[in-house]
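Next come the chains, spelled out residue by residue.
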Amino acid sequence: MVRAYQYASGVPSARTTVRRHPERGAYERDVIDGILDEALVCHVGFAVDGQPFVIPTIHARDGDVLYLHGSPGSRMLRNLREGIDVCVTVTLLDGLVLARSVYNHSMNYRSVVVVGRAGEVSARDEKLHAMHCVVEHVVPGRWDEARQPSEREIKATTILALSLAEASAKIRSGAPVDDEGDLDLPVWAGVIPLALQTADPLPDDGVTGPPPEYVTGYHRRRA
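Residues numbered from 1 in each chain as written. Predicted model: local features only at pLDDT ≥ 70, side-chain atom pairs only at ≥ 80, totals over all residues. Heavy atoms only, no water.

Below, the discussion takes up the environment of Arg147. Topologically, Arg147 is positioned in the loop between α3 (124-138) and α4 (151-155). A distance of 2.8 Å separates polar atoms of two side chains, one belonging to Arg147 and the other to Glu153. (Helix = DSSP H or I, 4+ residues; strand = E, 2+ residues; numbered from the N terminus. Polar contact = N/O pair within 3.5 Å; in protein donor to acceptor, adjacent residues only side chain to side chain.)

Listed below in structure tokens is the structure:
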């Protein structure tokens, strides 16, 4: 059974309160969930014996839980399942903001920070559910078409669950913010929008059929 956690939507903890540009902070669960669900990669930060590490990996959200998965030999997962503090971040880059002055250049982005301690998922059914969440997070529709994990593959996968009880978002959007004295400078200012874009699918050797619709129509859902 998937574990459940309580979360006070809109109420940040001391560790997740946005302090730099607090006006960009967002604490509503629908905002946080939307960013986590759109992002393909998260970065996991932790420290072992005083040495900090930040590891990129795949994640998936299911309700109030963020799943991380990998090999039992992963140093990251071996240490996190011992209950050490962890910080997971995701960032979506939406645009380059060009101001009239170099100092006021910026980026439009949506980001999330989650802090807490992760626990290992040991029950077979929840591990399988978490693996399903990860696959469907990356390519919706893929799980039902591909071969399901064998018992050996389930045992060879470590799954950690991190509560979203302490999470916050930070968002910057809109036009550049120039100093009033720079507004008349003859310099182009504005935003270069950025978005993840797919190219034509590349079939593997031996594949003769056409790609399924979830491949040809692939896109990341924007919250």
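Now for the side chain of Asn104. On the secondary structure map, Asn104 appears in the loop between β6 (85-98) and β7 (106-117). Judged by its relative accessible area of 15%, Asn104 falls in the buried class. Reaching out from Asn104, the side chain makes a polar contact with the side chain of Ser101 at a distance of 3.1 Å. Beyond its immediate stretch of four places on either side in the chain, Asn104 contacts Ala99, Val177, Asp178 and Asp179. (Buried < 20%, exposed > 50% of the residue type's maximum accessible area, 1.4 Å probe, protein only. Contact = heavy atoms within 4.5 Å.)

Under the criterion given, the structure shown has 13 salt bridges. A salt bridge links Arg15 to Glu166; its shortest N-O distance comes to 2.6 Å. Remark: Glu166 occurs in the loop between β9 (158-163) and β10 (167-172) and Arg15 occurs in the segment before β1 (25-26); sequence separation between them is 151 residues. For Arg15, a relative accessible area of 47% corresponds to the partly exposed category. Salt-bridge contacts for Asp37 lead to Arg61; the nearest nitrogen and oxygen are separated by 2.8 Å. Separated by 24 residues along the polypeptide, Asp37 in helix α1 (residues 29-38) and Arg61 in strand β4 (residues 59-62) bring together distant segments of the chain. In the salt-bridge network here, residues are joined through shared partners; they are Arg29, Asp33, Asp37, Arg61 and Asp64. (Salt bridge = Lys/Arg side-chain N within 4 Å of Asp/Glu carboxyl O.)

Grouped together as the largest cluster of nonpolar side chains are 27 residues, with contacts concentrated most on Val44, Leu80, Val88 and Val112. Of all elements in the fold, only α1, β2 (42-48), β5 (65-70), α2 (75-80), β6, β7, β9 and β10 reach the threshold of two or more residues within this core. Among all residues touching Val88, those that are not within four sequence positions of it are Cys42, His43, Val44, Leu66, Leu68, Val112, Val113, Val114 and Leu162. Of all hydrophobic cores here, the second largest spans twelve residues; its members include Val65, Cys133, Val134 and Trp143. (Core = buried A, V, L, I, M, F, W, Y, C linked by side-chain atoms within 4.5 Å.)

This next bit is on a nonpolar patch on the surface. Taken together, the side chains of Leu93, Met107, Ile192 and Leu194 make up a nonpolar region of the molecular surface, amounting to roughly 310 Å² of accessible area. In this fold, Leu93 is placed in strand β6. (Patch = residues over 30% accessible without salt bridge, like charges linked within 9 Å, V, L, I, M, F, W, Y side chains within 5 Å. Areas by Shrake-Rupley, 256 points an atom, 1.4 Å probe, with all protein chains shown as cover.)

So, on to the environment of Gly25. Structurally, Gly25 is set in strand β1. Judged by relative accessible area, which is 23%, Gly25 ranks as partly exposed. With 144 residues separating them in the primary sequence, Gly25 and Ala169 have C-alpha atoms 5.8 Å apart. Dropping the residues within four chain positions of it, Gly25 is found in contact with Val18 and Ala169.

Attention now moves to α1. Burial runs high along α1: eight of the ten residues are buried. Inspection of α1 places Arg29, Ile32, Asp33, Gly34, Ile35, Leu36, Asp37 and Glu38 among the buried residues, and these make up the whole buried set.

The four strands lie next to each other as β4-β5-β9-β8, forming an open sheet whose pairing is antiparallel. Lying at the two open borders of the sheet, with one neighbouring strand each, are β4 and β8 (119-120). As paired elements, β5 and β9 share six bridges and run antiparallel to each other. Residue Leu66 lies in a different strand from β9, and its bridge partner there is Leu162. Packing of α1 onto the sheet brings it into contact with β4 and β5, and relative to β4 it is tilted by some 145 degrees. On the sheet, α3 packs against β4, β5 and β9 and is oriented at approximately 110 degrees with respect to β4. (Pairing = 2+ DSSP bridges. Axes fitted to C-alpha atoms, helices over the stretch in contact; angles between N-to-C directions.)

Purely geometric stuff here, so don't read any function into it on its own.
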